[in-house]
Amino acid sequence: MLDKRLLRDDPDVVRRSLRRRGHDDAVVTTFLALDEQWRASATALDALKADRNRISSQFAKAKEEGEAALRALREHSTELGRQIEAREREAAELEQRVDELLEGIPNIVSDDVPDGPDASANRELRRSGDPPVFDFKPKPHWDIGEALGIIDFERGVRMARARFAVLVGDGARLSRALVDFFLDRDIAAGFVPVNPPILVNRESVKATGHLSKFSDVMFSVEDGKLFLSPTAEVQLVNMHRDEILEAEALPKLYVAYTPCFREEAGAAGKDTRGLIRQHQFEKVELVGICTPSDGPQIHERITTQAESLLQALELPYRVVVLSSGDTGFASQKTYDLEVWLPGQNAYREISSCSSCGDFQARRANIRYRPQARARPEFAFTLNGSGLAIGRTLVAILENYQQRDGSVSIPKALVPYMGGTQRIE
RNA sequence: GGAGAGGUGCUGGAGCGGUCGAACAGGCACGCCUGGAAAGCGUGUAGGCGCUUAAACCGCCUCGAGGGUUCGAAUCCCUCCCUCUCCGCCA
């Protein structure tokens, strides 16, 4: 959620950001008009309430003065009550419309984000490692996995439905190894491990911006009261919802390993084969909560932490900064880490590291005190995957595949595989 | 799932339906006192919205959440949520 004052004082900043995202900026003008009406209505309402409060305080005295005085007060108060009721309805409705508009406006995209309508305008920042050279035609991971008997797509469908898969044997083991490997390294880098609930409530998903009207990507249970978390970003950002933190307590750096669930309703026909886009997947997530001045530094820290995992696994990747049109609803600026997938002959997203400024903190009401006794201010929130387990597994199968169909294990991972150096 | 108790400020804990954003105590901050400290004394100590160039001032709102009764609700009624105790079930 943006600051109302930003819209009032600097509406053109918001309009420009909306246009850069490829949205209509008319919502800003609508907001300003409604906000104006709401403030006028609320001010009038407050004045009426002030009148009534003044009269209420006279009742005690009037009781001693007798029935006539009481009746006069009562009548006056009743009349004010009628006016208040009418005003209140009006003000509440206006406020609700203002809030709905406000909640639907995406974060301001950073100035240093490249302009562009979609992913085609994303800008590559750097590359690490060279794509492996094969003396045979590299296979996609679904062929490798099925041939080795470590990924079973059919049984996943049998147990659940399409876009669910089963890992078996060394597949399950490799997945576990990645979780442990990532957690160990993230914890060593200063992130505090968290093991959160997987079901989250409405307030929590609203706080991170996952419940905006336009993106209904979540599975829900209990009549929509609870959701299967689409990313541990939700849980970790909500660690401090409705709290006022002392400045010394910041930054808060968290890491959580969780399953994630996404409906993927808008992705029909996309990545239908393989593990890339599943309804259920596992992920190790990094989240930072910090002061505004620390924001850029923590964003880089999360990004380089995620990169270090790919480097340790010796997987080739590149870092891109998302264009204005591709940047997510709550984000000001997002770096995607894209790992090389020989089976697709392409770089594919394996981590997304976003800086949300105070956008989520305002929704989540996460504040901190710059100095003791100072007025609280909204914190900044940052998040990034470190890393997506399924996609990392895919990358390993495709990059480490051998001519004979076996897959070697990255050196750093061998201890986590009980010494196993090869899946065959 | 069944039975009961309860949700008030940073904490504990009061609160005949009006003068209660809320006694009192503790904590914390600042000041006095002191060679320094403790004790003691004094002062202060929520958040949001509106108004304001900004702040102060001022006004409104907030005693788990939402409704209701009433001229008026922390206080009465209803619904929901949460916590605790006991029983049942269970990894």
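Residues numbered from 1 in each chain as written. Chains lettered and ligands numbered in written order. Predicted model: local features only at pLDDT ≥ 70, side-chain atom pairs only at ≥ 80, totals over all residues. Heavy atoms only, no water.

**Considering the pattern of salt bridges**
Then, number 1: Across all of its chains, the model carries 32 salt bridges by this definition.
Then, number 2: A salt bridge links R155 to D152, with the shortest nitrogen-to-oxygen separation between them at 2.5 Å.
Then, number 3: Overall, the relative accessible area of 14% leaves D152 in the buried class.
Then, number 4: Connected via shared salt-bridge partners are R8, D35, E36 and R39. (Salt bridge = Lys/Arg side-chain N within 4 Å of Asp/Glu carboxyl O. Buried < 20%, exposed > 50% of the residue type's maximum accessible area, 1.4 Å probe, protein only.)

**Quick word on the sheet that holds strand β4 (residues 192–194)**
Then, number 1: Pairing in this open sheet of eight strands is mixed, and the strands run β1-β11-β12-β13-β16-β10-β9-β4 from one edge to the other. Only two strands of the sheet have a single neighbouring strand rather than two, namely β1 (123–128) and β4. Geometrically, the sheet is characterised by an average inter-axis angle of 25° between neighbouring strands, direction not taken into account.
Then, number 2: Most of the contacts of helix α8 (residues 170–188) go to strand β10 (residues 280–290), to which it runs at about 5°, and overall it touches β4, β9 (252–261), β10 and β16 (380–388).
Then, number 3: This element, helix α11 (residues 295–312), spans β1, β9, β10, β11 (317–321), β12 (333–341), β13 (346–355) and β16 of the sheet and lies at about 5° to β16. (Pairing = 2+ DSSP bridges. Helix = DSSP H or I, 4+ residues; strand = E, 2+ residues; numbered from the N terminus. Axes fitted to C-alpha atoms, helices over the stretch in contact; angles between N-to-C directions. Contact = heavy atoms within 4.5 Å.)

**Looking at the sheet that holds strand β15 (residues 377–378)**
Then, number 1: Across the sheet, which stays open at both edges, the three strands sit in the order β8-β14-β15 with mixed pairing between neighbours. Of all strands in the sheet, those bounded by a partner on one side alone are β8 (243–246) and β15.
Then, number 2: With four bridges joining them, β8 and strand β14 (residues 366–369) adopt parallel strand pairing. Following the sheet pairing, E246 is matched in β14 by R369.

**What to know about the layout of surface pockets**
Then, number 1: Empty space within the second largest pocket amounts to approximately 360 Å³.
Then, number 2: If you go around the second largest pocket, the residues you meet are D3, K4, R5, R8, P292, D358, R362, R375, P376, E377, F378 and F380.
Then, number 3: Contributing elements (two or more residues each) for the lining of the second largest pocket: α1 (4–9) and β15.
Then, number 4: Among the elements that line the lining of the second largest pocket, the one with the most residues is α1, at three residues.
Then, number 5: Considered class by class, the residues forming the lining of the second largest pocket number four nonpolar, no polar and eight charged.
Then, number 6: Counting residues domain by domain, the lining of the second largest pocket receives three or more from each of domain 1 (4–104) and domain 2 (119–423). (1 Å grid on protein atoms, 1.4 Å probe; cavity = no way out; pocket = protein on both sides within 12 Å on 5 of 7 lines; lining within 4 Å. Points joined across faces, edges and corners; volume = space filled by probe spheres on them. Nonpolar A, V, L, I, M, F, W, Y, C, P; charged D, E, K, R; others polar. Domains from an automatic or database assignment.)

**Thoughts on the domain arrangement of chain A**
Then, number 1: In terms of domains, chain A is made up of domain 1 (4–104) and domain 2 (119–423).
Then, number 2: Distance between the C-alpha centres of domain 1 and domain 2: 43 Å.
Then, number 3: Listed as interface residues are four residues of domain 1 and, on the opposing side, nine residues of domain 2.
Then, number 4: Buried area between domain 1 and domain 2, summed over both chains or domains, comes out near 610 Å², and the portion from carbon and sulfur atoms is 38%.
Then, number 5: Across the contact surface, domain 1 and domain 2 share one salt bridge.
Then, number 6: Across the salt bridge formed by E103 and K206, the nearest N and O atoms sit 3.7 Å from each other.
Then, number 7: Here domain 1 is connected to domain 2 by five residue pairs in polar contact (both at pLDDT 80 or more).
Then, number 8: Residues belonging to the side of domain 1 that touches domain 2 are distributed by class as follows: no nonpolar, one polar and three charged. (Buried area = accessible area lost by both parts, 1.4 Å probe. Polar contact = N/O pair within 3.5 Å; in protein donor to acceptor, adjacent residues only side chain to side chain.)

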